[in-house]
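# What the coordinates show
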Amino acid sequence: MKNIHIVLVALLTLIYSCKKNIKRGLVTKNAMVVSARVEASKIGSDILEKGGNAFDAMVATQLALAVVYPCAGNIGGGGFMVYRKANGDIGSLDFREKAPKAATKDMYLDSLGHIIPDKSIKGAMAVGVPGTVAGIMAVHEKLGSLPLETIIKPVIELAEKGYIISKSQEKRFRDKQTDFKDVNKDSILFINNFKPGDTLKQPALAKTLKAIMNHGKAEFYKGEMAKTLVRFIQNNGGIVSEEDMANYEVQWRRPITFNYDDLRIISMAPPSSGGICLGQIMKMIEPYDLHDMGHNTLKSIQIITEAEKRAYADRSYYLGDPDFVNIPTKKLLDTSYLNHRMSDFSFNKSTPSETISHGNVQVIESNETTHYSIIDQFGNAVSTTTTLNSYYGSKLYCSELGFFLNNEMDDFSSKPGIPNLFGLIGAEANSIAPEKRMLSSMTPTIVEKNGELFMAVGTPGGSTIITSVLQTILNVHEFGMGMQEAVNAPRFHHQWLPDVITMEPNSFDKSVINQLEILGYKIKEGESIIIGKVDGILVTEDHSYEGGADHRGDDTAVGF
């Protein structure tokens, strides 16, 4: 008996020590910023060290990403922010782009009703009214603490002095050269033959940032800058007007909140589909013991996949801009409704997507967004996802102002039932209308545990955003991982249509894949497949902060 007791103690000690030996990311005591580039994370962290709060750091990080990560960091795009203040107050900001007033439902269709190739993807007709500058100004005005000059000056210096081009950036520049030349009438900065290690300086962008610092939102939306931008867009065949710019306003929205075990999830409301879809999936899988099933096992992959199918089917039919369509949020997150949605699930076989209601429509969205997470020394947390849509957006670059313009109009349903650039299908709820915001999958999320701040997390990845955020939260909560380990773990994705599980290549047990295929699941692996680039922060047991910066990109955590 004594020997058994000794063995049990030794086993428990081993388990405890293994858990404590989790391979951690950067751990800091006071504050942290995690973003797609070290320069942006450092600028945000420096603002915090100067006494600024998470909202000041949000402004700095957003603008710094416009400098050092121009494929997705932006001035000419938009996004969503979810926040939790140190006192527990929560909120969210919608600074998503809007359709121009001259937009029409059939603007991307020819006379026969067929989609005109690339019209919603490349060039000036793809551009929605940008929301980023209005977004950062609204955040600073309502929640910031430092003077705007203190926040923006380091970003201006970064644009003037330049930053070092990474290997992955050089490849992105090279891959888009043909698009840059096709879309832009004149030669642009990014057509230069850059090499990894070169320094990229952006004096035009520095000048734009100075004007925003000195004259605020009014300069961008109503001043000379607005006139310059509209003239440029219209000279290139677009329809954004001075009136569109002047009328743009952000929307403060009530976040989507729901419980999962002892967690409270706080995520983005429509026109982002992220919060509702994440809530549907997590509430559908909650009755099952994922921890007991194990990480990325046959059963855990099955149950998550089947819940994803049903949530994405609902997404395609019900979700759009809440200022234009009535979204049955309460019903979509109702436990009895979701239990009924899963009632035909069986571990013995795949449920074909065509048998899951609303199978007559589908939506796609760019994988090429960016996310950053911030927790400050006061306990405030910010989770922000921002984008131009596809890499470099419309590929249209305003040399005079120094930034790319979005191609966010492609996130509308150009024709209900027809997939967009990223394979997602949309219905009437996401059809084009003047001054309407397009549906998104962006899922900036904050998690509480037992009423305390636990996690800030999000990712780019288009339609894979929701499932990447989901798996990261589950990796920590169900499978006992630290944040970096949770971010590093291989991910899979199902979005209802097409009826296929997309998996990161060479990352999953081959016997599990074989068993899934026997049960009727179609599997897709590919060398170029990246499912999200998650950037998250976890509050550890000793109230330190662990950063999870995705190795799939140049992402970096910085803190103090």
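Calculation notes
- Residues numbered from 1 in each chain as written.
- Predicted model: local features only at pLDDT ≥ 70, side-chain atom pairs only at ≥ 80, totals over all residues.
- Heavy atoms only, no water.
- Helix = DSSP H or I, 4+ residues; strand = E, 2+ residues; numbered from the N terminus.
- Areas by Shrake-Rupley, 256 points an atom, 1.4 Å probe, with all protein chains shown as cover.
- Lys, Arg positive; Asp, Glu negative; His and termini not counted.
- Charge placed at Lys NZ, Arg CZ, Asp CG, Glu CD.
- Axes fitted to C-alpha atoms, helices over the stretch in contact; angles between N-to-C directions.
- Parallel < 35°, antiparallel > 145°, perpendicular 65-115°, else oblique.
- Left-handed = near helix turned anticlockwise from the far one by under 90°.
- Contact = heavy atoms within 4.5 Å.
- Nonpolar A, V, L, I, M, F, W, Y, C, P; charged D, E, K, R; others polar.
- Phe/Tyr/Trp six-rings, centres within 6.5 Å; stacked < 30°, edge-to-face > 60°.
- Buried < 20%, exposed > 50% of the residue type's maximum accessible area, 1.4 Å probe, protein only.
- Lys NZ or Arg CZ within 6 Å of the ring centre and 35° of its normal.
- UniProt positions renumbered as here; feature names shortened; annotations may be inferred.
- Domains from an automatic or database assignment.
- Buried area = accessible area lost by both parts, 1.4 Å probe.
- Salt bridge = Lys/Arg side-chain N within 4 Å of Asp/Glu carboxyl O.
- Polar contact = N/O pair within 3.5 Å; in protein donor to acceptor, adjacent residues only side chain to side chain.
- Arc of directions from axis to C-beta.
- Pairing = 2+ DSSP bridges.

## Some words on the overall build of the chain
Counting its regular elements, the chain contains 18 helices and 21 strands. Projected onto the principal axes, the alpha-carbon positions of the chain cover approximately 85 × 60 × 45 Å. Accessible area for the chain stands at about 20700 Å²; split by element, carbon and sulfur atoms hold 52% of it. Taking the average place of the 58 positive charges on the side chains of the chain and the average place of its 65 negative ones, the gap between the two points comes to 1 Å.

## Considerations on the packing of helix 3 (residues 54–68) against helix 5 (residues 148–161)
Helix 5 packs onto helix 3 with a crossing angle of 10 degrees between their chain directions and a minimal axis gap of 9 Å. With respect to helix 5, the axis of helix 3 lies roughly parallel. Handedness of the helix 3/helix 5 crossing: right-handed. Contacts between helix 3 and helix 5 involve Asp56, Val59, Ala60, Leu63, Ala64, Val67 and Val68 from the first element and Ile151, Ile152, Val155, Leu158 and Ala159 from the second. Looking at the contact of helix 3 with helix 5, its residues break down into eleven nonpolar, no polar and one charged.

## So, the packing of aromatic side chains
As enumerated under the stated definition, the model contains 20 aromatic pairs in all. Taking 5.5 Å as the distance between ring centres and 85 degrees as the angle between the ring planes, the aromatic pair formed by Phe55 and Tyr83 counts as edge-to-face. Remark: Tyr83 occurs in strand 3 (residues 78–84) and Phe55 occurs in helix 3; sequence separation between them is 28 residues. You'll find Phe55 and Tyr83 in the same group, each marked buried. In textbook terms, an aromatic cluster arises when at least three aromatic residues are bridged by ring pairs, as seen for Phe173, Phe180, Phe190, Phe194, Tyr391, Tyr392, Tyr397 and Phe404. One cation-aromatic arrangement involves Lys142 over Trp252; the distance from NZ or CZ to the ring centre is 4.0 Å. Residue placement shows Arg172 over the ring face of Tyr391; its charged tip is 5.3 Å from the ring centre.

## Here's the deal with the UniProt feature "active site" (unreviewed entry) in the chain
In this numbering, the UniProt entry assigns the feature "active site" (unreviewed entry) to Thr369. By the secondary structure assignment, Thr369 is in the loop between helix 15 (335–341) and strand 10 (370–375). On the accessibility criterion, Thr369 (3% relative accessible area) is buried. The residues contacting Thr369, other than those within four sequence positions of it, are Ala72, Thr385, Thr386, Thr387, Asn389, Met442, Pro460 and Gly461.

## A few points about the domain arrangement of the chain
Domains assigned within the chain are domain 1 (31–250 + 364–435) and domain 2 (252–267 + 282–359 + 441–557). One C-alpha centre belongs to domain 1, the other to domain 2, and the line joining them spans 26 Å. Listed per partner, the contact involves 62 residues of domain 1 and 52 residues of domain 2. When domain 1 packs against domain 2, the two sides together hide about 4100 Å² of surface, and 63% of this comes from carbon and sulfur. Here domain 1 is connected to domain 2 by three salt bridges. A salt bridge links Asp94 to Arg253, with the nearest nitrogen and oxygen atoms 2.9 Å apart. At the surface where domain 1 touches domain 2, the tally comes to 15 residue pairs in polar contact (both at pLDDT 80 or more). Sorting the residues of the side of domain 1 that touches domain 2 by element identifies strand 2 (32–35), helix 2 (38–49), strand 3, strand 4 (90–95), helix 4 (132–143), helix 6 (167–175), strand 10 and strand 11 (381–387) as the ones contributing at least two each. At seven residues, strand 11 tops the list of elements feeding residues into the side of domain 1 that touches domain 2.

## Brief notes about helix 18 (residues 510–518)
Every buried residue belonging to helix 18 is among Val512, Ile513 and Leu516, and all of these are buried. Across the axial projection of helix 18, the buried residues extend over an arc of 100 degrees, all falling on one side. Each element contacted by the buried residues of helix 18 is listed here: helix 13 (298–318), strand 17 (501–503) and strand 18 (523–525). One or two steps after helix 18, the chain reaches Gly520, where phi turns positive at roughly 105 degrees.

## A few points about the packing of helix 4 against helix 8 (residues 203–221)
Contact geometry of helix 4 with helix 8 gives a least axis separation of 9 Å together with a crossing angle of 125 degrees. In terms of axis orientation, helix 4 runs oblique to helix 8. In the crossing of helix 4 with helix 8, the sense of the turn from one axis to the other is left-handed. Residues Thr132, Val133, Ala134 and Met137 of helix 4 form the contact with helix 8, whose own contacting residues are Ile212, Gly216, Lys217, Phe220 and Tyr221. Of the residues in the contact of helix 4 with helix 8, the class split is six nonpolar, two polar and one charged.

## Here we look at the pattern of salt bridges
When their charged atoms lie close together, side chains carrying opposite charge are able to pair. This model, assessed by the stated rule, comprises 30 salt bridges. Linking Asp179 and Lys122 is a salt bridge whose minimum nitrogen-to-oxygen distance equals 2.8 Å. Pair noted here: Asp179 is in helix 7 (residues 177–183) and Lys122 is in the loop between strand 4 and helix 4, with a separation of 57 residues, a long-range link. Asp179 gets classed as buried once you look at its relative accessible area, which sits at 15%. For Lys122, a relative accessible area of 28% corresponds to the partly exposed category. Where Lys153 meets Glu149, a salt bridge forms, and the shortest distance between an N and an O atom there is 3.1 Å.

## A short note on the sheet that holds strand 19 (residues 535–539)
Spatially, seven strands are ordered 1-20-19-15-14-9-8 in an open sheet, and the strand pairing comes out antiparallel. This sheet does not close on itself; its edge strands, each paired only once, are strand 1 (27–28) and strand 8 (256–260). Where strand 1 and strand 20 (residues 545–549) come together, two bridges link them in antiparallel fashion. When the bridges of strand 20 are listed, Thr28 appears paired with Tyr545. Sheet contacts for helix 11 (residues 274–285): strand 8, strand 9 (263–267) and strand 14 (445–449); angle to strand 8, the most-contacted strand, approximately 15 degrees. Strands strand 8, strand 9, strand 14, strand 15 (452–458) and strand 19 of the sheet are contacted by helix 16 (residues 465–477), whose axis makes an angle of about 140 degrees with strand 15.

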